[in-house]
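An overview of the molecular structure
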Amino acid sequence: MLTSLQTAYSDTRAADLAWTLGREPLPALAVLDLELAGAKVQMRLLGASHQVLLEEERRTCSETVACLPGGSAPLPLGVAERMGDWDYEFAARVETLSEGSFAGRAQELLALVADHPHGLAGTFPGSPYAFTAMLAQRTQGQVHWRTWHAYPQEGQLVVTRTRVGARLEAPVS
């Protein structure tokens, strides 16, 4: 699903993004509710980026990546945490692209997410390449999501990936 977000573009620098777990639901500009083999996933586009709420068998996870005043950790390159009998893994990277490369990559990502049944993307006023996009899936008992936060004025794309689910057993050698 692709939507035009009717708000000011409030997270205008990749360096301002922060990450946090456990936040209450924040006001959203667009929401996509998904049922992925028993897991309820709510993808939320915020004026300041994204929030994902996951619920399965009375367990919950709330991930927020956004520009929020106070109380949020800077965007980490990676996080691995145990949440009861769940594992949570998060990774982020910043891609810096030339103007032409940025436009091409933005078009590819928006087309991918807009046509995907588990995808949500929102474009911000001012630039067709100022967007936040999200894509979720479930494989092998794990819920995965990827996000893309585009900053055309900087030529930067912040890419995140998250995996949440039952602890994976280490292979026996």
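Quick look at the structure, then. (Residues numbered from 1 in each chain as written. Predicted model: local features only at pLDDT ≥ 70, side-chain atom pairs only at ≥ 80, totals over all residues. Heavy atoms only, no water.)

Regarding the overall build of the protein
Applicable threshold: Helix and strand assignments come from DSSP, with helices taken as H or I runs of at least 4 residues and strands as E runs of at least 2, each series counted from the N terminus. It is over C-alpha atoms that the radius of gyration is taken, and the globule rule equals 2.2 Å times the number of residues to the power 0.38. Here, residues are in contact when the closest pair of their heavy atoms is within 4.5 Å. All accessible-area figures derive from a Shrake-Rupley calculation using a 1.4 Å probe, and residue coverage is judged against the displayed protein chains alone.
Counting its regular elements, the protein contains 1 helix and 13 strands. Against the globule reference of 16 Å for 173 residues, the protein gives a C-alpha radius of gyration of 16 Å, in line with a compact fold. Principal axes of the C-alpha set define a box for the protein whose edges measure 50 × 35 × 30 Å. Restricting the contact set of the protein to residue pairs at least 6 apart, pairs at least 24 apart contribute 57%. A total accessible area of about 8600 Å² is found for the protein, and carbon and sulfur atoms account for 52% of it.

Notes on the packing of aromatic side chains
The test is simple: Pairs were defined over the aromatic rings of Phe, Tyr and Trp, the Trp ring being its six-membered one, requiring ring centres within 6.5 Å. Orientation was assigned from the angle between planes: stacked under 30 degrees, edge-to-face over 60, tilted for the rest. Exposed residues in this analysis have more than 50% of their type's maximum accessible area, buried residues have under 20%, and partly exposed residues fall in between, with area computed by a 1.4 Å probe over protein chains only.
On inspection of all chains with the given rule, the structure shows 2 aromatic pairs. A centroid spacing of 6.3 Å and a plane angle of 35° characterise the contact between Trp19 and Tyr88, whose relative ring orientation is tilted. One end of the pair, Trp19, is in strand β2 (residues 18-21); the other, Tyr88, is in strand β9 (residues 86-96), with 69 residues separating them in the sequence. The exposure classification of Trp19 matches that of Tyr88, with both residues buried.

Examining unusual backbone geometry
One non-glycine residue, Ala37, adopts positive backbone phi at about 50°. One can find Ala37 in the loop between β3 (30-36) and β4 (39-46). Residue class for Ala37 comes out exposed when judged on its relative accessible area of 64%.

What about the pattern of salt bridges?
We apply this condition: When a carboxyl oxygen of Asp or Glu is within 4 Å of a side-chain nitrogen of Lys or Arg, the pair counts as a salt bridge.
One pass over the full model with this rule turns up 6 salt bridges. Where Arg59 meets Glu57, a salt bridge forms, and the shortest distance between an N and an O atom there is 3.3 Å. You can call Glu57 exposed: its relative accessible area is 61%. Here the residues in one salt-bridge network are Glu57, Arg59 and Asp85, joined through shared partners.

Quick word on the environment of Met43
Within the fold, Met43 resides in strand β4. Sequence separation between Met43 and Ser101 is 58 residues, and the spatial gap between their C-alpha atoms is 27 Å.

Overview of the sheet that holds strand β1 (residues 2-4)
Note the following rule: Strands were regarded as paired on the criterion that DSSP finds at least two bridges between them. Note on geometry: axes are C-alpha line fits, over the in-contact stretch for helices, and angles between N-to-C directions span 0 to 180 degrees.
A sheet is described by the order of its strands in space; here 7 strands give the open sequence β1-β10-β11-β12-β13-β9-β8, paired in mixed fashion. A strand with exactly one partner marks an edge of an open sheet, and here the two such strands are β1 and β8 (78-83). The mean inter-strand angle of the sheet, taken between neighbouring strand axes irrespective of direction, is 15°. Strand direction decides the pairing type here: β1 and strand β10 (residues 119-123), joined by 3 bridges, are parallel.

Quick notes on the nonpolar core
Within soluble globular proteins, side chains that are nonpolar tend to cluster in buried spots. What counts, and what does not: Here, the term nonpolar core denotes a set of buried Ala, Val, Leu, Ile, Met, Phe, Trp, Tyr and Cys residues that are joined through side-chain atoms within 4.5 Å.
Counting residues in each nonpolar core, the largest one holds 36 residues, and the members touching the most others are Val41, Met43 and Leu54. Going through the elements one at a time, β3, β4, β5 (49-56), β6 (59-66), β9, β11 (131-139), β12 (142-151) and β13 (156-166) are the ones with two or more residues in this core. The greatest single-element share of this core, amounting to 5 residues, is contributed by β4. Beyond its immediate sequence surroundings of up to four residues, Leu54 is in contact with Ala39, Lys40, Val41, Arg59, Thr60, Cys61, Trp86, Val143, Trp145 and Val164. The next biggest cluster of nonpolar side chains, apart from the first, holds 13 residues, and it includes Phe102, Ala106, Trp148 and Leu157.

Details of helix α1 (residues 99-114)
One full turn of an α-helix is made of 3.6 residues, so residues set three or four places apart face in the same direction. Our working definition: A helix is expected to reach a length of 1.5 Å times the quantity of its residues less one. The arc in question is the one traced by the directions running from the helix axis out to the C-beta atoms.
Taking 1.5 Å of rise per residue, 16 residues should cover 22 Å, and α1 covers 22 Å from first to last C-alpha, within 8% of that figure. Every buried residue of α1 is listed here: Phe102, Ala103, Ala106, Leu109, Leu110 and Val113. Down the axis of α1, the smallest arc covering the buried residues is 135°, so these residues share one side. Opposite its buried face, α1 presents the exposed residues Gly100 and Glu108, each directed more than 90 degrees away.

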